[in-house]
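Listed here are the chains, written in short residue letters.
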Amino acid sequence: GAVVSQHPSRVICKSGTSVKIECRSLDFQATTMFWYRQFPKKSLMLMATSNEGSKATYEQGVEKDKFLINHASLTLSTLTVTSAHPEDSSFYICSARDLHPNTEAFFGQGTRLTVV
Amino acid sequence: KQEVTQIPAALSVPEGENLVLNCSFTDSAIYNLQWFRQDPGKGLTSLLLIQSSQREQTSGRLNASLDKSSGRSTLYIAASQPGDSATYLCAVDAGKSTFGDGTTLTVKP
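Thresholds applied
Residues numbered from 1 in each chain as written. Chains lettered and ligands numbered in written order. Predicted model: local features only at pLDDT ≥ 70, side-chain atom pairs only at ≥ 80, totals over all residues. Heavy atoms only, no water. Salt bridge = Lys/Arg side-chain N within 4 Å of Asp/Glu carboxyl O. Helix = DSSP H or I, 4+ residues; strand = E, 2+ residues; numbered from the N terminus. Buried < 20%, exposed > 50% of the residue type's maximum accessible area, 1.4 Å probe, protein only. Contact = heavy atoms within 4.5 Å. Buried area = accessible area lost by both parts, 1.4 Å probe.

Draft legend 1. The arrangement of the pattern of salt bridges in detail. Under the definition given, this model contains six salt bridges over all chains. Between Glu22(A) and Arg24(A) there is a salt bridge whose closest N-O contact spans 3.5 Å. Across the pair Arg97(A) and Asp93(B) runs a salt bridge, and its minimum N-O distance is 2.5 Å. Taken as a pair, Arg97(A) in strand β9 (residues 90-97) and Asp93(B) in strand β9 (residues 86-93) lie in two separate chains rather than in one. Both residues of the pair, Arg97(A) and Asp93(B), count as buried.

So, in C-alpha cells, the structure goes:
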C-alpha cells in the first residue's frame, strides 16, 4: 500500500513554544490530507481537512489559530501547534488520500506531543 | 453526522478462543470501512479494508464482514493469541474517516 510518513514521531516542547508536525505522502499525490487527535484512552477525533492550495476546513470546536495547517504541495501537509500548553499534549495522526475521493486513505505513524 | 459505535468496549478471553468484535455506523453512504489495530502508545496498523461494494475481506486469522444496509461490520479473530492483545478500531470512510472508540482486547495465555 501507499506510504504516509509523519515526522517527528515524538516531540517534547516547553509551554508557550510552537511545534510543527509534518505529514508526507511518499509515493502518491495527496489532494486531501486529514489531521486527527487522540486523547488518552479515547478514539481519534478529526481536527481538520486540508486540500492542496486552499485553506483547511476545521471541525467544530477546533481552534484554527492554535492549530495551523498548511498543505502547500501535493505531498506535504504541516500541522503547527502554536503557543503550546500542557493540555495540547496528545497523539496527533495524519492521513492522506489521492485524487479520487473514494480511494483508501493512508495513515501516518502518528506524533506523540508532550508539552511541559 | 456519522456516528460509529464499537461493542464491546473491552474483552478478555483465554488463548485459543475465537472472538467477534462489532462495529455499527449510522450513515450507510460510505466508501469503505477499515479495521485497525493500535498497541499502547503506538500508531495505527491497518488490518483489513472493505470497500462499500464488498461483503467481506480475509487476512490470515482475521475476517471482516460488512453489511452496509444495516450499518454493521464485524471483525472475526480465529484462534486468538496473546500477541493479539491490543485496541481494535473501526473507521468508516465517507470522504473523511470517522472512528469508533475501539475494543480493547486482552488474550490471556
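Next comes the rest of the description.
Draft legend 2. Local environment of the side chain of Ser95(A). One can find Ser95(A) in strand β9. Residues contacting Ser95(A), with those up to four places away along its chain left out, are Thr32(A), Met33(A), Phe34(A), Tyr36(A), Ala105(A), Phe106(A) and Phe107(A).

Draft legend 3. Representation of the interface of chain A and chain B. If you look at the interface, chain A gives 20 residues, while chain B gives 20 residues. Summing both sides of the interface, chain A and chain B together bury roughly 1400 Å²; the carbon and sulfur share of this comes to 50%. Three residues, Ser43(A), Glu104(A) and Phe107(A), lead the burial of chain A against chain B; their summed loss comes to 30% of the area buried on that side. Where chain A meets chain B, there are two salt bridges. Close ionic contact of Lys96(B) with Glu59(A) constitutes a salt bridge, the shortest N to O distance being 3.1 Å. Broken down by secondary-structure element, the contributors of at least two residues to the side of chain A that touches chain B are β4 (32-38), β5 (44-51) and β9 of chain A.

Purely spatial values, then, with no claim about function.
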